[in-house]
Amino acid sequence: MNLEQLIDNLNISKEKIKYNEPMAKHTSFKIGGPAQCFINAESVEEIKQICKVASKNDINLTIIGNGSNLLVTDNGINGIVVKVNIKKFELEFSNDDVSLIVGAGNKLGEIAQKLLRNEITGFEFAAGIPGTIGGAVRMNAGAYAREMKDVVVNTRYLDLEQAQELCSKNQSENKNFKIEDCIKEISNEEHCFSYRNSTFSKKKAIILETVFKFEKGIKEEIQKKMEEISIQRREKQPIDKPSAGSTFKRGEDFITAKLIDEAGLKGFNVGGAEVSNKHAGFVVNTGNATAEDVIQLTNIVKEKVYEKFGKKIELEVEILGE
């Protein structure tokens, strides 16, 4: 069977499935060629179905969240792109301590607003990050001296590597393949969090849900902190143009945006991709940028910074596609 026939056999609403879907519609950069098959998965059961058919038929599986830290190539992505859109929000209270169980597809800003309404503090730093829980946990997203590592308790995920191994083994032994056996849970320590990194950065896995720890707070104080962070973002970041957020990682002993600025690269452009005049750490899409424009521009920026300062800078944005 071809890919469309395999997907048609899944118990997933046809409205959630699209073929040759432009990935520019699903990334904050507004850039990217077509996904061969794009599925908006809204439940663990749908995720399990997709993973099982992909494992059995050796189909390339690409997992995305809100697409806010991605650059998809102009040629697009073969196989199945799964947008993890699992939503969940459950609060548990114990004196002043609060546990939150949240789905991987919940957006950070929406979670921050719900916590504000419930007078719960500890997540204000994430209010302006344009991503989902799954992506944020995967890359240990953070801002203003706080990161996911400071608030995560544990995470449930589906291990894709184990799924492929079990599938191969069971097919050779003519046995039934149970995708449920591949769902695992890890503690905060097992995430191996570091700067913009976690065990999920290299692991083939789909994050399903995460438990966070917070505290009861005072609504006015929480709101004030969120407003202050929002003002800083508007003043310092080019939120008026499509981008993938901060394009480059910070250095161990230097501020990357400062070096790019001092190299005279603010406003430098290749095609429709431009180093922001507002914040040199951001590459923005001025309206008609291609992925190749962005790749060429970031390569030039890396070369110029190394020539002038002898410092190697790395992309924070993840590149997907052919």
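Numbering of residues starts from 1 in each chain and follows the order in which that chain's sequence is written. Where local features are concerned, this predicted model is filtered to residues with pLDDT of at least 70; where side-chain atom pairs are given and counted, the filter is 80 or more; whole-chain, interface and lining totals use all residues. To get the side-chain values, all heavy atoms of the structure are used, and hydrogens and water are removed first.

## Some remarks on the packing of helix H3 (residues 108-117) against helix H6 (residues 219-236)
To be explicit about the condition: Here an angle of 0 to 180 degrees is reported between the N-to-C directions of two axes, which are lines fitted to C-alpha atoms, with helices fitted over the stretch in contact. Labels follow the DSSP assignment, with helices taken as runs of H or I lasting at least four residues and strands as runs of E lasting at least two, numbered in each case from the N terminus. The cut-offs work like this: below 35 degrees is roughly parallel, past 145 is roughly antiparallel, 65 to 115 is roughly perpendicular, and the gaps in between are oblique. Between two residues, a contact is recorded if the distance between any of their heavy atoms is within 4.5 Å. Three residue categories are used. Nonpolar comprises Ala, Val, Leu, Ile, Met, Phe, Trp, Tyr, Cys and Pro, charged comprises Asp, Glu, Lys and Arg, and polar comprises the others, including Gly.
Interaxial distance between H3 and H6 falls to 9 Å at its minimum, and their mutual angle equals 155 degrees. Considered as vectors, H3 and H6 are oriented roughly antiparallel to each other. Taking contact as the criterion, the partners of Ala112, Gln113 and Leu116 in H3 are, on H6, Lys219, Ile222, Gln223 and Met226. Here the contact of H3 with H6 is composed, by residue class, of 4 nonpolar, 2 polar and 1 charged.

## Structural notes on the nonpolar core
As a reminder, the rule being used: The term nonpolar core refers to a set of buried residues drawn from Ala, Val, Leu, Ile, Met, Phe, Trp, Tyr and Cys, joined through side-chain atoms within 4.5 Å. For every residue, the accessible area (1.4 Å probe, protein chains only) is compared with the maximum for its type, and the residue is labelled buried under 20%, exposed over 50%, or partly exposed between those bounds.
Membership of the largest hydrophobic core comes to 60 residues, with the highest contact counts inside it found for Ile47, Ile50, Ile80, Phe123, Phe212 and Phe214. Broken down by element, this core gets its largest block of residues, 6 residues, from strand E13 (residues 205-216). Not counting residues up to four positions away in its chain, the partners in contact with Ile80 are Leu3, Ile7, Cys37, Ile39, Ile50, Ile59, Asn60, Leu61 and Thr62. In this structure, Ile31, Ala244, Ala257 and Val275 belong to the second largest nonpolar core, which totals 23 residues.

## Here's the deal with the environment of Ser243
Turning to its location among the elements, Ser243 is positioned in the loop between H6 and helix H7 (256-262). Residue classification places Ser243 among the buried residues on the basis of a relative accessible area of 11%. Separated by 98 residues in the primary sequence, Ser243 and Ala145 have C-alpha atoms spaced 22 Å apart. Not counting residues up to four positions away in its chain, the partners in contact with Ser243 are Ser28, Phe29, Phe282, Val283 and Val284.

## Details of a positive patch on the surface
Convention followed: Excluding any residue in a salt bridge, patches collect residues exceeding 30% relative accessible area, merging like charges within 9 Å and nonpolar Val, Leu, Ile, Met, Phe, Trp and Tyr side chains within 5 Å. Note on areas: these come from Shrake-Rupley sampling with a 1.4 Å probe, and a residue is covered only by the protein chains present in the view. Put simply, a salt bridge is a Lys or Arg side-chain nitrogen that is within 4 Å of an Asp or Glu carboxyl oxygen. All tallies of charge rest on Lys and Arg as positive and Asp and Glu as negative; His and the ends of each chain are not included. In this description, the location of a charge corresponds to atom NZ of lysine, CZ of arginine, CG of aspartate or CD of glutamate.
There is a patch of like positive charges on the surface, built from Lys87, Lys107, Lys114, Arg117 and Lys219. Examined against the element boundaries, Arg117 turns out to sit in helix H3. You can call Arg117 exposed: its relative accessible area is 55%.

## A short note on the pattern of salt bridges
Within the structure shown, the criterion is met by 17 salt bridges. Across the pair Glu45 and Lys48 runs a salt bridge whose closest N-O atoms are separated by 3.5 Å. Of this pair, Glu45 and Lys48 both sit in helix H2 (residues 44-57), 3 residues apart, which is roughly one turn of the helix. Taking the relative accessible area as the measure of exposure, Glu45 reaches 43% and is therefore partly exposed. Put simply, Glu147, Lys149, Asp150, Arg196 and Glu316 are held in one network by salt bridges that share partners.

## With respect to the packing of aromatic side chains
Our working rule: In this scheme Phe, Tyr and Trp rings, the latter by its six-membered ring, pair at centre separations within 6.5 Å, and the angle between planes marks the pair as stacked below 30 degrees, edge-to-face above 60, and tilted otherwise.
Applying the stated criterion to the full structure yields 5 aromatic pairs. Summarising the aromatic geometry, the rings of Phe212 and Phe214 are spaced 5.9 Å apart at their centres and angled 15 degrees between planes, so their arrangement reads as stacked. When its relative accessible area of 0% is taken as the criterion, Phe212 is described as buried. Accessibility expressed as a relative area gives 4% for Phe214, which makes it buried. One aromatic cluster is present, built from ring pairs that chain together Phe123, Phe125, Phe212 and Phe214.

## Some remarks on the side chain of Asp159
Operational definition: We call two N or O atoms a polar contact when they sit within 3.5 Å, provided that within protein one can donate a hydrogen and the other can accept it, with sequence-adjacent residues counted only if both atoms are side-chain atoms.
Residue placement: Asp159 occurs in strand E11 (residues 152-159). Owing to a relative accessible area of 7%, Asp159 belongs among the buried residues under this scheme. A distance of 3.1 Å separates a polar atom in the side chain of Asp159 from the backbone nitrogen of Glu161.

## Regarding the sheet that holds strand E14 (residues 269-270)
Quick note on the threshold: Strands are treated as partners if at least two bridges between them are detected by DSSP.
Pairing within the open sheet is antiparallel, and its 3 strands lie in the order E14-E15-E16. Lying at the two open borders of the sheet, with one neighbouring strand each, are E14 and strand E16 (283-285). Those strands touched by helix H8 (residues 291-309) are E14, strand E15 (273-275) and E16, and its axis lies near 30 degrees from that of E15.

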